[in-house]
Amino acid sequence: CDLIPTIENTGIDIHNATLTYPFLHYKLAIITKKNLPVISSLESIMEKPIALKKNSLFINELKSNYPNIKIIETKNDRQALEAVNNNKAHYTLLPLPIASFYMSNYAMNNLFISRYTNLSYNVYMAINNQEPLLLSSFNKAIQNIDEKDKREIQNRWGSIAILERIDYSLIWKIVAVIIAILS
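Since the model is a prediction, treat every value here as computed from it, not as a measurement.

Thresholds applied
- Residues numbered from 1 in each chain as written.
- Predicted model: local features only at pLDDT ≥ 70, side-chain atom pairs only at ≥ 80, totals over all residues.
- Heavy atoms only, no water.
- Helix = DSSP H or I, 4+ residues; strand = E, 2+ residues; numbered from the N terminus.
- Contact = heavy atoms within 4.5 Å.
- pLDDT = per-residue confidence, 0-100.
- Core = buried A, V, L, I, M, F, W, Y, C linked by side-chain atoms within 4.5 Å.
- Buried < 20%, exposed > 50% of the residue type's maximum accessible area, 1.4 Å probe, protein only.
- Polar contact = N/O pair within 3.5 Å; in protein donor to acceptor, adjacent residues only side chain to side chain.
- Salt bridge = Lys/Arg side-chain N within 4 Å of Asp/Glu carboxyl O.
- Pairing = 2+ DSSP bridges.

**Quick word on the environment of Ser-41**
Phase 1: Following the sequence through the fold, Ser-41 ends up in the loop between strand E3 (24-33) and strand E4 (50-53).
Phase 2: The spacing of Ser-41 and Ile-30 is 11 residues in sequence and 9.0 Å in space, taken between C-alpha atoms.
Phase 3: Discounting chain neighbours no more than four positions away, the residues touching Ser-41 are Ile-30 and Arg-115.

**Focus: the confidence of the model for the protein**
Phase 1: Per-residue pLDDT for the protein averages 85, and the proportion of residues at 70 or more is 89%.
Phase 2: In the predicted structure, residues 160-165 sits below a pLDDT of 50 and forms 5 contacts with residues beyond four places in sequence or in another chain.

**Let's talk about the nonpolar core**
Phase 1: Ranked by size, the top nonpolar core spans 35 residues in total, and within it Ile-31, Leu-42, Ile-50, Leu-62, Leu-81, Tyr-91 and Leu-93 carry the most contacts.
Phase 2: Those elements that provide at least two residues to this core are E3, E4, helix H1 (57-65), helix H2 (77-85), strand E6 (91-95), helix H3 (96-105) and strand E7 (111-128).
Phase 3: Per-element tally for this core: the top contributor is E3, with 6 residues.
Phase 4: Non-local contacts of Leu-93, meaning those with residues more than four positions away in its chain, are made with Leu-28, Ala-29, Ile-30, Leu-42, Ile-50, Ala-51, Leu-52, Leu-62, Thr-117 and Leu-119.

**Considering H2**
Phase 1: Within H2, the full set of buried residues consists of Asp-77, Ala-80, Leu-81, Ala-83, Val-84 and Asn-85.
Phase 2: Packed against the buried residues of H2 are E3, E4, strand E5 (71-74), E6, H3 and E7.
Phase 3: With a side-chain oxygen positioned 3.2 Å from the backbone nitrogen of Arg-78, the residue opening H2 is Asn-76.
Phase 4: In the segment just after H2, Asn-87 is the residue with positive phi, at about 65°.

**Points about the pattern of salt bridges**
Phase 1: Tallying each qualifying case throughout the model produces 3 salt bridges.
Phase 2: As a salt-bridge pair, Asp-77 and Lys-53 come within 3.9 Å of each other at their nearest N and O atoms. Here Asp-77 is found in helix H2, whereas its partner Lys-53 is found in strand E4, with 24 residues between them in sequence.
Phase 3: For Glu-147, the salt bridge is made with Lys-150, and the minimal N-O distance between the two is 3.6 Å. Residue Glu-147 and its partner Lys-150 are both found in helix H5 (residues 147-158); the two are separated by 3 residues, about one turn of the helix.

**Observations regarding the pairing of E6**
Phase 1: With 5 of 5 residues buried, E6 is to be regarded as a mostly interior element.
Phase 2: Burial of the side chains of E6 extends over both faces: Tyr-91, Leu-93 and Pro-95 are buried on one face and Thr-92 and Leu-94 on the other.
Phase 3: The sheet contact formed by E3 and E6 spans 4 bridges and is antiparallel. Paired with Ile-30 across the bridge in E6 is Leu-93.
Phase 4: Alignment of E4 against E6, held across 2 bridges, turns out to be parallel. From the neighbouring strand, Ala-51 faces E6, where its bridge partner is Thr-92.

Put into C-alpha coordinates, the structure is as follows:
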(Lines give C-alpha, C1' and ligand atoms only; values in the text may rest on other atoms or scores of the structure.)
Protein backbone atom coordinates (compact mmCIF):
# COMPACT_ATOMS: atom_id res chain seq x y z
CA CYS A 1 0.00 0.00 0.00
CA ASP A 2 1.47 3.37 -0.99
CA LEU A 3 -0.71 5.51 1.24
CA ILE A 4 -3.25 5.51 4.04
CA PRO A 5 -5.58 8.46 3.36
CA THR A 6 -6.44 9.38 6.97
CA ILE A 7 -4.54 8.55 10.11
CA GLU A 8 -4.02 10.22 13.46
CA ASN A 9 -0.60 10.56 15.02
CA THR A 10 -0.88 8.35 18.10
CA GLY A 11 2.85 8.26 18.66
CA ILE A 12 2.92 4.59 17.69
CA ASP A 13 5.56 3.75 15.07
CA ILE A 14 4.03 3.15 11.64
CA HIS A 15 6.27 0.61 9.97
CA ASN A 16 7.55 1.59 6.53
CA ALA A 17 5.52 4.80 6.38
CA THR A 18 5.99 8.51 7.00
CA LEU A 19 3.26 10.97 7.92
CA THR A 20 2.49 13.94 5.73
CA TYR A 21 1.96 17.37 7.18
CA PRO A 22 -1.41 17.48 8.94
CA PHE A 23 -4.22 18.41 6.56
CA LEU A 24 -7.12 18.65 9.00
CA HIS A 25 -7.06 20.40 12.38
CA TYR A 26 -9.81 20.24 14.99
CA LYS A 27 -10.15 21.47 18.54
CA LEU A 28 -11.19 18.72 20.93
CA ALA A 29 -14.68 19.02 22.36
CA ILE A 30 -15.65 18.10 25.92
CA ILE A 31 -18.65 15.80 25.55
CA THR A 32 -20.80 15.11 28.58
CA LYS A 33 -24.44 14.41 29.46
CA LYS A 34 -27.13 17.01 28.83
CA ASN A 35 -28.37 16.92 32.41
CA LEU A 36 -24.99 18.08 33.78
CA PRO A 37 -23.96 21.74 34.14
CA VAL A 38 -22.00 23.34 31.31
CA ILE A 39 -18.29 22.85 31.89
CA SER A 40 -16.36 26.07 32.40
CA SER A 41 -12.95 24.60 31.57
CA LEU A 42 -11.15 21.31 31.21
CA GLU A 43 -9.29 22.02 34.45
CA SER A 44 -12.59 22.24 36.36
CA ILE A 45 -13.41 18.55 35.73
CA MET A 46 -10.00 16.91 36.00
CA GLU A 47 -11.02 15.05 39.18
CA LYS A 48 -13.91 13.39 37.30
CA PRO A 49 -13.39 10.15 35.31
CA ILE A 50 -12.77 10.56 31.58
CA ALA A 51 -13.26 7.92 28.88
CA LEU A 52 -10.67 7.89 26.08
CA LYS A 53 -9.83 5.47 23.30
CA LYS A 54 -6.89 3.25 24.17
CA ASN A 55 -3.62 4.49 22.62
CA SER A 56 -5.02 7.99 22.28
CA LEU A 57 -2.23 10.54 22.06
CA PHE A 58 -4.04 12.58 24.71
CA ILE A 59 -3.76 9.94 27.44
CA ASN A 60 -0.04 10.60 28.00
CA GLU A 61 -0.50 14.35 27.67
CA LEU A 62 -3.31 14.41 30.25
CA LYS A 63 -1.46 12.10 32.64
CA SER A 64 1.65 14.27 32.53
CA ASN A 65 -0.32 17.48 33.17
CA TYR A 66 -2.80 15.94 35.65
CA PRO A 67 -1.13 12.99 37.45
CA ASN A 68 -4.27 12.15 39.49
CA ILE A 69 -6.61 11.99 36.50
CA LYS A 70 -8.81 8.89 36.31
CA ILE A 71 -8.83 7.63 32.71
CA ILE A 72 -11.13 4.85 31.56
CA GLU A 73 -9.57 3.39 28.42
CA THR A 74 -11.98 2.06 25.78
CA LYS A 75 -11.53 0.04 22.63
CA ASN A 76 -12.71 2.88 20.36
CA ASP A 77 -14.29 6.35 20.29
CA ARG A 78 -17.84 4.97 20.20
CA GLN A 79 -17.22 3.08 23.45
CA ALA A 80 -15.82 6.26 25.03
CA LEU A 81 -19.08 8.05 24.20
CA GLU A 82 -21.10 5.07 25.45
CA ALA A 83 -19.18 5.17 28.75
CA VAL A 84 -20.31 8.78 29.20
CA ASN A 85 -23.84 7.95 28.06
CA ASN A 86 -24.00 5.05 30.58
CA ASN A 87 -22.58 7.12 33.50
CA LYS A 88 -19.31 5.15 33.65
CA ALA A 89 -17.37 8.35 32.85
CA HIS A 90 -18.19 12.02 33.36
CA TYR A 91 -16.89 13.14 29.96
CA THR A 92 -14.78 12.35 26.93
CA LEU A 93 -12.71 14.44 24.52
CA LEU A 94 -13.28 14.09 20.78
CA PRO A 95 -13.08 16.22 17.65
CA LEU A 96 -16.49 17.39 16.41
CA PRO A 97 -16.72 15.20 13.26
CA ILE A 98 -16.08 11.99 15.20
CA ALA A 99 -18.42 12.95 18.05
CA SER A 100 -21.17 14.03 15.62
CA PHE A 101 -20.90 10.82 13.63
CA TYR A 102 -21.34 8.52 16.62
CA MET A 103 -23.86 10.68 18.46
CA SER A 104 -26.16 10.91 15.42
CA ASN A 105 -25.72 7.37 14.08
CA TYR A 106 -26.08 5.62 17.43
CA ALA A 107 -28.83 7.82 18.92
CA MET A 108 -26.76 9.15 21.80
CA ASN A 109 -29.28 11.91 22.39
CA ASN A 110 -28.34 12.39 26.06
CA LEU A 111 -24.90 13.75 25.14
CA PHE A 112 -23.86 17.24 24.13
CA ILE A 113 -20.76 19.28 23.48
CA SER A 114 -20.22 21.32 26.62
CA ARG A 115 -17.12 23.24 25.55
CA TYR A 116 -14.14 23.17 23.21
CA THR A 117 -10.61 22.80 24.57
CA ASN A 118 -7.27 24.17 23.43
CA LEU A 119 -6.13 20.62 22.63
CA SER A 120 -5.76 19.98 18.90
CA TYR A 121 -6.55 16.85 16.92
CA ASN A 122 -4.70 16.59 13.61
CA VAL A 123 -5.28 14.22 10.70
CA TYR A 124 -2.45 13.07 8.44
CA MET A 125 -1.82 10.71 5.54
CA ALA A 126 0.74 7.93 5.86
CA ILE A 127 2.97 7.45 2.79
CA ASN A 128 5.10 4.38 2.07
CA ASN A 129 8.77 5.14 2.82
CA GLN A 130 9.69 3.80 -0.62
CA GLU A 131 7.70 6.66 -2.22
CA PRO A 132 9.55 9.86 -1.20
CA LEU A 133 8.31 11.70 -4.31
CA LEU A 134 4.70 10.92 -3.36
CA LEU A 135 5.33 12.21 0.19
CA SER A 136 6.92 15.37 -1.16
CA SER A 137 4.01 15.94 -3.59
CA PHE A 138 1.38 15.54 -0.89
CA ASN A 139 3.25 17.82 1.51
CA LYS A 140 3.54 20.52 -1.17
CA ALA A 141 -0.17 20.18 -2.00
CA ILE A 142 -1.14 20.42 1.68
CA GLN A 143 1.05 23.51 2.16
CA ASN A 144 -0.50 25.20 -0.88
CA ILE A 145 -4.11 24.95 0.29
CA ASP A 146 -5.01 28.33 1.77
CA GLU A 147 -7.08 28.68 4.96
CA LYS A 148 -10.22 29.77 3.09
CA ASP A 149 -10.13 26.64 0.91
CA LYS A 150 -9.47 24.43 3.95
CA ARG A 151 -12.54 25.85 5.73
CA GLU A 152 -14.62 25.41 2.59
CA ILE A 153 -13.53 21.76 2.22
CA GLN A 154 -14.20 21.05 5.90
CA ASN A 155 -17.63 22.68 5.76
CA ARG A 156 -18.58 20.82 2.61
CA TRP A 157 -17.28 17.38 3.51
CA GLY A 158 -17.13 17.50 7.30
CA SER A 159 -20.64 18.60 8.14
CA ILE A 160 -23.11 15.99 9.28
CA ALA A 161 -26.72 16.06 8.18
CA ILE A 162 -29.15 14.42 10.57
CA LEU A 163 -32.19 13.09 8.80
CA GLU A 164 -35.21 11.89 10.70
CA ARG A 165 -37.27 9.12 9.21
CA ILE A 166 -41.01 9.25 9.57
CA ASP A 167 -42.82 6.01 10.33
CA TYR A 168 -45.88 6.12 8.09
CA SER A 169 -47.22 2.74 9.27
CA LEU A 170 -49.21 4.31 12.13
CA ILE A 171 -50.70 6.88 9.74
CA TRP A 172 -51.79 4.13 7.35
CA LYS A 173 -53.37 2.17 10.22
CA ILE A 174 -55.36 5.24 11.34
CA VAL A 175 -56.48 5.90 7.76
CA ALA A 176 -57.54 2.24 7.42
CA VAL A 177 -59.57 2.42 10.63
CA ILE A 178 -61.27 5.66 9.51
CA ILE A 179 -62.11 4.12 6.10
CA ALA A 180 -63.47 1.00 7.83
CA ILE A 181 -65.67 3.14 10.11
CA LEU A 182 -66.96 5.26 7.23
CA SER A 183 -67.75 2.23 5.05
